[in-house]
Amino acid sequence: MKVVQVLPQLHGGGVERGTIEIAAYLKQLGHEAIVISEGGPLVEELTAIGVIHVKKSVGSKSLRALHGLWELRKYLNTTRPDIVHSRSRLPGWLCYLAIKLLPEEIRPRFITSVHGLHSVSRYSSIITKGERIEVVSNTAKRYLLDNYKSVAPEHIRVIQRGVDSAKYNPTVEPSSAWIQDWSRWCQEHQTHGSPVVSLVGRISRLKGHHDFLEIIELLHEKSVPAIGLIIGGASKEHPKLHKELKERVQKSETLRSSVHFLGHRSDVRELVSLSDIVVSLSATPEAFGRSVLEALSLGVSVVGYDHGGVGELLRALFPAGAVPVGNTQVAADRIRDLLSGKHPIEPHELTLQSMREKTIAMYAELIC
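Being a predicted model, the structure only gives us computed values, none of them experimental.

Visitor: So what exactly am I meant to see when it comes to the overall build of the protein chain here?
Guide: Broken down by element type, the protein chain carries 14 helices and 13 strands. For the protein chain, the C-alpha atoms occupy an extent of roughly 70 × 40 × 40 Å along the three principal directions. The buried share among the 368 residues of the protein chain stands at 52%. Taking all contacts inside the protein chain whose residues are at least 6 apart in sequence as the whole, residues at least 24 apart take part in 67%. Across the protein chain, the centroid of the 45 positively charged side chains sits 7 Å from that of the 39 negatively charged ones.

Visitor: Explain the pattern of salt bridges here, please?
Guide: Close approach of charged atoms allows side chains with opposite charge to pair. Counting across every chain of the model gives 19 salt bridges. Glu32 serves as the salt-bridge partner of Lys2, at 3.9 Å between the closest nitrogen and oxygen. On the criterion of sequence distance, the pair formed by Lys2 in strand β1 (residues 2–6) and Glu32 in strand β2 (residues 32–37) is long-range, its members being 30 residues apart. Here Arg248 ties to Glu217 by a salt bridge, and the two come within 3.7 Å at their closest N and O atoms. With Arg248 in helix α8 (residues 239–251) and Glu217 in helix α7 (residues 209–221), the pair connects residues that are 31 residues apart, well separated along the chain.

Visitor: Please clarify how the sheet that holds strand β3 (residues 52–55) should be interpreted in this entry.
Guide: Taken in spatial order, the seven strands make up an open sheet running β3-β2-β1-β4-β5-β6-β7, and their pairing is parallel. Whereas interior strands pair on both sides, the edge strands pair on one side only; in this sheet they are β3 and β7 (156–158). Looking at each pair of strands side by side, their axes are set apart by 25° on average, direction ignored. Note: β1 against strand β4 (residues 83–86), four bridges, orientation parallel. Across the sheet, the residue bridging to Val4 is Val84, located in β4. Sitting on the sheet, helix α5 (residues 138–147) touches β5 (109–114), β6 (132–135) and β7, and the angle it makes with β7 is about 160°.

Visitor: So what exactly am I meant to see when it comes to empty space enclosed by the protein here?
Guide: Left-over empty space is what a probe sized like a water molecule reveals as it rolls over the atoms. Enumeration according to the criterion identifies two cavities of 30 Å³ or more in this entry. What the largest cavity holds in volume is close to 40 Å³. As for the largest cavity, its lining consists of Ser280, Ser282, Pro285, Glu286, Tyr305, His307 and Val310. Grouping the amino acids of the lining of the largest cavity by side-chain chemistry returns three nonpolar, three polar and one charged. There is about 30 Å³ of room inside the second largest cavity.

Visitor: What exactly am I supposed to notice about helix α11 (residues 290–297) here?
Guide: It helps to recall that an α-helix has 3.6 residues per turn; residues three or four apart then point in one direction. Taken across its eight residues, α11 has seven buried, putting it largely inside the fold. For α11, every residue scored as buried is listed here: Arg290, Val292, Leu293, Glu294, Ala295, Leu296 and Ser297. Its buried side turned inward, α11 meets α1 (14–28), α10 (268–273), β11 (277–280), β12 (301–305) and α12 (308–317). Gly299 sits one or two positions beyond α11 and adopts a positive phi of about 85°.

Visitor: Sorry, what's going on with the packing of α7 against α8 here?
Guide: Packed helices, taken two at a time, are described by their axes: the angle between them and the distance between them. At a minimum axis distance of 10 Å, the contact between α7 and α8 shows a crossing angle of 15°. Taken as axis vectors, α7 and α8 run roughly parallel relative to one another. Note that α7 runs across α8; the crossing there is right-handed. Along its contact with α7, which presents His209, His210, Leu213, Glu214 and Glu217, the element α8 presents Leu241, Glu244, Leu245, Arg248 and Val249. The class makeup of the residues in the contact of α7 with α8 is four nonpolar, two polar and four charged.

Visitor: It is not clear to me how unusual backbone geometry should be interpreted in this structure. Could you clarify?
Guide: Only a minority of non-glycine residues have a phi that is not negative, and only a minority of peptide bonds are not trans. Positioned with a positive phi, Gln190 is a non-glycine residue whose angle comes to about 55°. Looking at where Gln190 falls in the secondary structure, it is placed in the loop between α6 (176–189) and β8 (196–200). Relative accessible area serves as the criterion here: at 71%, Gln190 is assigned to the exposed category. Despite not being glycine, Ser223 has its phi angle at roughly 65°, a positive value. Take Ser223: it is sitting in the loop between α7 and β9 (227–231).

Visitor: Can you help me understand the side chain of Ser297 in this one?
Guide: As for its position among the elements, Ser297 is in helix α11. In this structure Ser297 touches Val163, Tyr168, Asn169, Pro170 and His348, once residues within four positions along its chain are discounted.

Visitor: Please clarify how the sheet that holds β11 should be interpreted in this entry.
Guide: Backbone-to-backbone hydrogen bonds pair the strands of a sheet. The strands run either parallel or antiparallel. Here we have six strands laid out as an open sheet, ordered β10-β9-β8-β11-β12-β13, and parallel in their pairing. Either end of the sheet is taken by a strand with one partner, and the two such strands are β10 (259–263) and β13 (322–323). Inspection of the sheet shows β9 paired to β10 by four bridges, in the parallel sense. Across the sheet, residue Leu229 finds its bridge partner in β10, namely His260.

Visitor: What am I meant to see in the nonpolar core here?
Guide: When a protein is soluble and globular, its nonpolar side chains tend to lie buried together. By size, the foremost hydrophobic cluster in this structure holds 73 residues, and its most contacted members are Leu144, Val197, Phe212, Leu219 and Val279. Per-element accounting of this core gives the leading share, six residues, to α7. Sequence-distant contacts of Leu144, defined by excluding residues within four places in its chain, comprise Val114, Ile127, Thr128, Ile133, Val135, Val151 and Ile156. In this structure, Val51, Leu352, Met355 and Ile360 belong to the second largest nonpolar core, which totals 23 residues.

About the criteria used
Residues numbered from 1 in each chain as written. Predicted model: local features only at pLDDT ≥ 70, side-chain atom pairs only at ≥ 80, totals over all residues. Heavy atoms only, no water. Helix = DSSP H or I, 4+ residues; strand = E, 2+ residues; numbered from the N terminus. Buried < 20%, exposed > 50% of the residue type's maximum accessible area, 1.4 Å probe, protein only. Contact = heavy atoms within 4.5 Å. Lys, Arg positive; Asp, Glu negative; His and termini not counted. Charge placed at Lys NZ, Arg CZ, Asp CG, Glu CD. Salt bridge = Lys/Arg side-chain N within 4 Å of Asp/Glu carboxyl O. Pairing = 2+ DSSP bridges. Axes fitted to C-alpha atoms, helices over the stretch in contact; angles between N-to-C directions. 1 Å grid on protein atoms, 1.4 Å probe; cavity = no way out; pocket = protein on both sides within 12 Å on 5 of 7 lines; lining within 4 Å. Points joined across faces, edges and corners; volume = space filled by probe spheres on them. Nonpolar A, V, L, I, M, F, W, Y, C, P; charged D, E, K, R; others polar. Parallel < 35°, antiparallel > 145°, perpendicular 65-115°, else oblique. Left-handed = near helix turned anticlockwise from the far one by under 90°. Core = buried A, V, L, I, M, F, W, Y, C linked by side-chain atoms within 4.5 Å.

These results come straight from atomic positions and should not be treated as a statement about function.
What follows is the structure, given as structure tokens:
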């Protein structure tokens, strides 16, 4: 089986990570795996595991996309893959049109993915055109069926994101060297003994960073001297937000001494495992919530807004952590309660291996 996955770029993110995980598994099973994108830091990781990366104009919303269409059509005509799996909307349109331009007898089977709850539009409707439509949660499936009446339910496959259970389980402990570095950081910032509340994700207007700052202030008002860690770099789409947040922190004596911007980190798992609480405060519903699943898998309590895929995960695995959307007062109260006593986290089977097997089975449905 020859499978081509197409996405805009290979920077850090859940879509990119899932693409690499499936490509690696295809390679492991003896299939041919190809990834097409405009490139990025993760290309090196792909090539290190022997997966072919092809750089093409598939991510820029400009006239370059037209050039990318003809490049893609030529490449598919030459390569003759069995499956083309589009993981984003613009690449989806390019793949769909490129396949239509091929002679019918050599057209690959076409798969689309719903990784986000996009605005409903003609542009977004490309997600409905796959012969199989991969959705990452039941929330995403409901969104699809509610908003696109032409979708055949039998074409939808719910394949939830999964974690590597060897790396994400309650027994995971950071290395002694990492612990030493962390202890030094705590001493420098005088945080020893304070509960750690972390927000993981790129700094963007959708992730609820202003709510996070408000929650940290409310915790201090409730005599909970929490340390707030913002783990993630600034989003290129929102350059002013990082400045806004830092200015707000500087204006507050409480926040100035308790909130820390850690930027992009390669040790997110270690930071999460040492956190007392992880929060998920997205203003708009997400399709899944990988950071929520990772934290819960490490045995770390999560408090999150009860909507979208995050709400779905919390209701299934950690109901105590679900709070009304936008209600920072309730969120702060819930964090305080969770810090005073443990609540059980339900076991789950949302593993990387399960995700891989279901994805390969979806591919096999179309070519067997």
